[in-house]
Amino acid sequence: MNRKMVAQLRGVVKFLLVAGALLVDFGVAENPCSGGPPVDTKPAECCATPMLVDGTIMMDCYQQYIEQTKKQLQMDGIPRGCCIAECAMNATMMYADGMLKRDDLSKMFMDAVKDKPEWMAVVRDATNACFELAEKKKDEIEAGAKLEPAFEGEKICHPVSGTVLRCMGMMMFAQCPPAVFKESENCNKLREYGSMCPMI
């Protein structure tokens with residue numbers, strides 16, 4: 001994989017961290033994520049999280065749906081499904097009829113870190129937590145799946161894939177192993193922010 005593709009893949013991961021609505025329900029009136037990350041440091045500079053889905057697949061899906069997803073991020077109301085994530089889950093045969101194949105997906109995620117023992121517990125725990133989150137948000141996810149197109153050419157994708165993949169990215173960054181995480185004031189601030197908010 002050449003440097004350009006690696007850089008593009010980092011962009012895909014970064015984008016998936018922000019694509020969609022917040023994954024945490026806040027009990028305060030003011031949204032603590034509205035101002036964006038508190039520092040200019042990029043997540044990959046603090047923690048090189050492993051790719052859980054084949055990079056070529058992610059890049060193909062990103063290129064297909066990036067423009068649509070940018071528009072969707074500007075919209076209010078019920079969170080719309082991330083077609084980048086659904087495309088990737090379709091390509092890996094992990095998605096069908098509004099459901100992710102949990103056991104197969106868990107195996108795929110664990111296989112992605114089989115040579116990275118420091119990540120295995122993080123990925124296992126994050127997978128369980130993210131499927132629990134999807135179950136908790138089931139009503140909102142189903143409502144998102146029933147939305148009508150809001151602009152010409154918009155494809156409506158089921159939100160479950162995006163919910164799980166965004167959650168995985170956020171949790172892996174928040175739980176980055178000490179041996180991988182680059183300790184600095186900026187990175188610590190970013191990790192604190194990233195535990196609550198999707199990151200640009």
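This structure is a prediction, so every number in the text was calculated from the model and none was measured. (Residues numbered from 1 in each chain as written. Predicted model: local features only at pLDDT ≥ 70, side-chain atom pairs only at ≥ 80, totals over all residues. Heavy atoms only, no water.)

Colleague: Please explain the packing of aromatic side chains as it appears in this structure.
Modeller: Aromatic ring pairs: the centre-centre distance and the angle between the two ring planes describe each pair. Applying the stated criterion across every chain, the model contains 1 aromatic pair. Aromatic side chains Phe173 and Phe181 sit 6.5 Å apart centroid to centroid with 70° between the ring planes, which places their arrangement in the edge-to-face category. Here Phe173 and Phe181 have matching classes, each one buried. Positioned above the aromatic ring of Phe181, the side-chain terminus of Arg191 is 3.8 Å from the ring centre. (Phe/Tyr/Trp six-rings, centres within 6.5 Å; stacked < 30°, edge-to-face > 60°. Buried < 20%, exposed > 50% of the residue type's maximum accessible area, 1.4 Å probe, protein only. Lys NZ or Arg CZ within 6 Å of the ring centre and 35° of its normal.)

Colleague: I would appreciate a short explanation of the confidence of the model for the chain in the present structure.
Modeller: Low-confidence regions, as indicated by low pLDDT, have predicted coordinates that should not be scrutinised in detail. Chain-level statistics for the chain give a pLDDT mean of 85 and a share of 82% at 70 or above. With pLDDT under 50 throughout, residues 18-29 is counted as low confidence; its partners more than four residues away or in other chains account for 29 contacts. (pLDDT = per-residue confidence, 0-100. Contact = heavy atoms within 4.5 Å.)

Colleague: Even after reading the chapter, I still don't get the environment of Met120, so can you show me in this structure?
Modeller: If you trace the backbone, Met120 turns up in helix H6 (residues 117-136). Once the C-alpha coordinates of Met120 and Met110 are considered, the two residues, 10 residues apart in sequence, prove to be 6.6 Å apart. In this structure Met120 touches Met110, Val113 and Lys114, once residues within four positions along its chain are discounted. (Helix = DSSP H or I, 4+ residues; strand = E, 2+ residues; numbered from the N terminus.)

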